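A structural walkthrough
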Amino acid sequence: PTVLPAAHEPMLLLAITEFVANSAAFTYFTAGALRRNISSNMLPRRFPLQLRTKSMGVFSPQLQERYPDQPMELHLSARRQPLLSCHPDALHGALFSSAEAFVVLPNATRVPAFLLNIDANVMGKPTITGNRLGGTPCLRRGPLCLPHAGLMGLPVPQVKRLETLLKFGLWLFGVPWANSECCPHPVP
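Residues numbered from 1 in each chain as written. Predicted model: local features only at pLDDT ≥ 70, side-chain atom pairs only at ≥ 80, totals over all residues. Heavy atoms only, no water.

A few words now on the environment of M56. Locating M56 in the fold gives a position in helix α2 (residues 53–56). Judged by its relative accessible area of 4%, M56 is buried. Each C-alpha atom of the pair M56 and D69 lies 9.4 Å from the other, and the pair is 13 residues apart in sequence. (Helix = DSSP H or I, 4+ residues; strand = E, 2+ residues; numbered from the N terminus. Buried < 20%, exposed > 50% of the residue type's maximum accessible area, 1.4 Å probe, protein only.)

Another aspect to go through is the pattern of salt bridges. Tallied over the full model, the rule gives 2 salt bridges. Among the salt bridges present, the one from D69 reaches R52, with a minimum N-O distance of 3.0 Å. In this pair, D69 sits in the loop between α3 (61–66) and β2 (72–78) while R52 sits in the loop between β1 (35–39) and α2, placing the two residues 17 residues apart along the sequence. Judged by relative accessible area, which is 35%, D69 ranks as partly exposed. Across the pair E73 and R110 runs a salt bridge whose closest N-O atoms are separated by 2.8 Å. Here the residue E73 occupies a position in strand β2, and R110 occupies one in strand β5 (residues 110–129), the gap between them amounting to 37 residues. (Salt bridge = Lys/Arg side-chain N within 4 Å of Asp/Glu carboxyl O.)

In this section: the nonpolar core. In terms of nonpolar packing, the biggest core is built from 19 residues, with M56, L63, M72, V103, A113 and F114 touching the most fellow members. Here this core takes 5 residues from β5, the largest share from any one element. (Core = buried A, V, L, I, M, F, W, Y, C linked by side-chain atoms within 4.5 Å.)

Together, I16, F19 and V20 give the surface a local cluster of nonpolar side chains, amounting to about 350 Å² of exposed area. By secondary structure assignment, the location of F19 is in helix α1 (residues 18–30). (Patch = residues over 30% accessible without salt bridge, like charges linked within 9 Å, V, L, I, M, F, W, Y side chains within 5 Å. Areas by Shrake-Rupley, 256 points an atom, 1.4 Å probe, with all protein chains shown as cover.)

Along any regular strand, the residues point their side chains to alternate faces of the sheet. Looking at chain direction, β1 and β2 are connected through 5 bridges and run antiparallel. Along β2, the bridge assignment pairs S39 with E73. Bridge count between β2 and strand β4 (residues 91–104): 7 bridges; the pairing is antiparallel. Residue pairing for β4: M72 is matched across the bridge by V103. (Pairing = 2+ DSSP bridges.)

Here strand β3 (residues 83–86) pairs with β4 via 4 bridges, running antiparallel. Each bridged residue has a counterpart across the sheet, and for L84 the counterpart in β4 is G93. The hairpin formed by β3 and β4 contains 4 residues between the paired strands.

Moving on to the environment of F96. Mapped onto the secondary structure, F96 falls in strand β4. Here the alpha-carbon distance between F96 and L83, two residues 13 residues apart in the chain, equals 8.9 Å. Apart from residues lying up to four places away in sequence, F96 is in contact with S77, A78, R79, R80, Q81, L83, I118 and D119. (Contact = heavy atoms within 4.5 Å.)

Next up on the list: the confidence of the model for the protein chain. Here the protein chain averages 75 in pLDDT, and 69% of its residues register 70 or above. Mean pLDDT across the elements of the protein chain bottoms out in strand β8 (residues 185–186) (47) and peaks in α1 (91). The low-confidence segment residues 182–188 (pLDDT under 50) makes 17 contacts with residues lying over four places distant or belonging to another chain. (pLDDT = per-residue confidence, 0-100.)

Glancing now at α1. An ideal rise of 1.5 Å per residue puts 18 Å on 13 residues; α1 measures up with 18 Å between its terminal C-alpha atoms. Following α1 by one or two positions, G32 has its phi on the positive side, about 80°. (Expected span 1.5 Å × (residues − 1).)

Written out as structure tokens, the structure reads:
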């Protein structure tokens, strides 16, 4: 039960419960809509990790040896339904995904390279400034990447290096992009 604020002038009050948000996440997950393929030409040139075997050779030297300087693709997908919880100070989310990397050969054949499970805890603090609705997304502490057996596996120390680079890339590009693209939106 939530107490509604006293209205002294006309206003619109919009409330979304965890149930609605988690139901929507379940629907998107069940429908297979939480998938994204990323190719090397989709990343900004300044991104610290380019999707080519040459740059991934730091994490898996045999990849560069087998497929010298070939483009790669990442297939991102949710392994489980994302979860959202509402707290008085912020919205908290848990994302459970996997990233499967493929080498793209000259004949367009895709060769599996490695598979990482990527779990992230995110938090967003909504803000209202003047007539603008905004927010501040951030990653919460904790491990991000978990190595998965199979394919051309990465050793655990290399996964830790890749995790550090992914976190750096998310902080450098992901969070600022989320702040600029998603927020702030004018409030009528």
